[in-house]
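Geometric and topological summary
As a plain string of letters, each chain reads:
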Amino acid sequence: MSCLIIIPCLNEADHIGDLLTHFSPSLTGNSKLVVVDGGSHDGTQEIVERWSEKDDHIVLLHNPDKIQSAAMNLAVDQFGDDYEYFIRIDAHGQYPEDFITTLLTEAEKHQADSVVVSMYTEGHTPFQVSAAIAQNSKLGNGGSPHRNAQNDGKWVEHGHHALMKVSAYRAVGGYDETFVANEDAELDKRLTDVGYKIWLTGQTDMTYFPRKTPESLFKQYYNYGKGRAANCIKHNTIPKLRQLIPLSVVPVLLMALLLGEWHFIFAFPALLWVAACLLVGATGKSERFPLSAKLSGLPAMIMHFGWSLGFCAALIFPALRRKPVHD
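Residues numbered from 1 in each chain as written. Predicted model: local features only at pLDDT ≥ 70, side-chain atom pairs only at ≥ 80, totals over all residues. Heavy atoms only, no water.

Under an unreviewed UniProt entry, the protein chain has the name Succinoglycan biosynthesis protein exoa and belongs to Photobacterium leiognathi. Of the comments in the UniProt record for the protein chain, the one headed Sequence similarities (unreviewed entry) reads "Belongs to the glycosyltransferase 2 family. WaaE/KdtX subfamily." (UniProt positions renumbered as here; feature names shortened; annotations may be inferred.)

1. So, the confidence of the model for the protein chain
When pLDDT is low, close inspection of the predicted coordinates is not appropriate. Across the protein chain, the average pLDDT comes to 92, with 96% of residues at or above 70. Per-element confidence in the protein chain is highest for helix 7 (residues 166-171), whose mean pLDDT is 98, and lowest for helix 6 (residues 138-141), whose mean pLDDT is 82. The model gives residues 323-327 a pLDDT under 50, and that stretch makes 16 contacts with residues more than four places away or in other chains. (pLDDT = per-residue confidence, 0-100. Helix = DSSP H or I, 4+ residues; strand = E, 2+ residues; numbered from the N terminus. Contact = heavy atoms within 4.5 Å.)

2. Quick word on the packing of helix 11 (residues 249-259) against helix 14 (residues 297-316)
Two quantities define a packed helix pair, namely the angle between the axes and the distance from one axis to the other. Running from N to C, helix 11 and helix 14 cross one another at 95°; their axes reach a closest spacing of 8 Å. Compared by their axis directions, helix 11 and helix 14 come out roughly perpendicular. From helix 11, Val249, Val250, Pro251 and Leu253 reach across to helix 14, where they touch His304, Phe305, Ser308, Leu309 and Cys312. Here the residues of the contact of helix 11 with helix 14 sort into seven nonpolar, two polar and no charged. (Axes fitted to C-alpha atoms, helices over the stretch in contact; angles between N-to-C directions. Parallel < 35°, antiparallel > 145°, perpendicular 65-115°, else oblique. Nonpolar A, V, L, I, M, F, W, Y, C, P; charged D, E, K, R; others polar.)

3. Focus: helix 1 (residues 16-23)
For helix 1, a buried count of six out of eight residues is recorded, marking the element as mostly surrounded by other parts of the structure. For helix 1, the set of buried residues is Ile16, Gly17, Leu19, Leu20, His22 and Phe23. Buried residues in helix 1 make contact with strand 1 (4-9), strand 2 (32-37), helix 2 (44-54), strand 3 (58-62), strand 5 (93-94) and helix 4 (99-110). (Buried < 20%, exposed > 50% of the residue type's maximum accessible area, 1.4 Å probe, protein only.)

4. Section: the side chain of asparagine 63
In this fold, asparagine 63 is placed in the loop between strand 3 and helix 3 (68-79). Residue asparagine 63 is classed as buried on the basis of its relative accessible area of 4%. Those residues in contact with asparagine 63 that sit more than four places away from it in its chain are Val36, Asp37, Gly38, Ala70, Ala71 and Leu74.

5. With respect to helix 4
Structural remark: α-helix, 3.6 residues per turn; residues separated by three or four positions point the same way. In this model helix 4 runs 16 Å from its N-terminal to its C-terminal C-alpha over 12 residues, within 8% of the 16 Å that 1.5 Å per residue would give. Within helix 4, burial applies to Phe99, Ile100, Thr102, Leu103, Leu104, Glu106, Ala107 and His110. With its phi angle positive at about 50°, glutamine 111 sits one or two positions after the end of helix 4. (Expected span 1.5 Å × (residues − 1).)

6. Re the pairing of strand 2
Of all the six residues making up strand 2, six are buried; the element is thus mostly covered by neighbouring parts of the structure. Covered by surrounding structure in strand 2 are Lys32, Val34 and Val36 together with Leu33, Val35 and Asp37, the residues of both alternating faces. This β-α-β element, strand 1 to helix 1 to strand 2, shows right-handed connectivity. Since strand 2 and strand 3 lie parallel, the crossover through helix 2 that links them has a hand, and here it is right-handed. (Right-handed = clockwise from strand over helix to strand, strands pointing away.)

7. Focus: a negative patch on the surface
Taken together, the side chains of Asp42, Glu46, Glu49 and Glu53 present a region of like negative charge at the surface. When you line up the elements, aspartate 42 lands in the loop between strand 2 and helix 2. A residue is classified by how much of its surface remains accessible, and aspartate 42, at 34% relative accessible area, is partly exposed. (Patch = residues over 30% accessible without salt bridge, like charges linked within 9 Å, V, L, I, M, F, W, Y side chains within 5 Å. Areas by Shrake-Rupley, 256 points an atom, 1.4 Å probe, with all protein chains shown as cover. Salt bridge = Lys/Arg side-chain N within 4 Å of Asp/Glu carboxyl O. Lys, Arg positive; Asp, Glu negative; His and termini not counted. Charge placed at Lys NZ, Arg CZ, Asp CG, Glu CD.)

8. Remarks on the pattern of salt bridges
Tallied over the full model, the rule gives 10 salt bridges. Between aspartate 14 and lysine 212 there is a salt bridge, with its nearest N and O atoms 2.6 Å apart. Pair noted here: aspartate 14 is in the loop between strand 1 and helix 1 and lysine 212 is in the loop between strand 9 (198-208) and helix 9 (214-235), with a separation of 198 residues, a long-range link. Owing to a relative accessible area of 46%, lysine 212 belongs among the partly exposed residues under this scheme. Residue arginine 170 pairs with aspartate 81 through a salt bridge whose shortest N-O separation is 2.7 Å. With a gap of 89 residues between them, arginine 170 in helix 7 and aspartate 81 in the loop between helix 3 and strand 4 (85-88) connect regions that are remote in the sequence. The exposure class of aspartate 81 is exposed, given its relative accessible area of 63%. When salt bridges that share partners are traced, they join Asp176, Glu186, Arg190 and Lys234 into one network.

Right under this line is the structure:
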């Protein structure tokens, strides 16, 4: 079965060639792979252009709006008429050999409007390993269903986007391009609200590579926080418990900073958060970078603080909900 494969990206020269090598054998018939680039300056566009010259199944689109929601809408608007399904590929990831065929099989078997996948994070540098351990643990993901490696398949409200019916996507208006992040969860909210069904498959998954530096990790989670705030405001919902806990980080740090001198009790929640992150993080294990593994509490703190700051900032300053910060 033919399908439309979409890879939104920005400065992914380290990964895009491997992804094209991986997915190009799947491009048969009228299948198409569209790389939607947000203005890369690291050679990403040149790599894709070389591939497109030798394989007319591969297309490079330019995304002047840079953000992923706009990239996905651009590709579906231009090429979606010819396909029943599209598949979203994360440029910062790695995929099994049978990823495409498994998704298509699962969609047909379960009559799903969307098939989402579990995501496992893997690092290659000391900081990436530390961040990956944090992101794979409940300390970093709060027990989100699609971050659980033990999954036999189930109906969910949200998951890591992979396959979706073009008709369902268009029926709800595609991704909301005002979202700097969390656009996938926001779209899933609109899909499920009108009765479309999302299947979290246990038959395949993907591996994600975390950001390489503390600064880029902070920016990523700062945008995640802003996106979640925008989602809550748009749909008049409150964050789930697993989101409320990291959301409290900025308030407890402010309480410690402003009131901690008056009495120790005001600093206690912040100290408890730091201690919990460091202690839980110290249980991390890695044969290649054992010390980095034990320090996984530090990137967890960066993630919590960035997410909380982004959420709080978006609540206070509405304009921030629409202004992307790129890393």
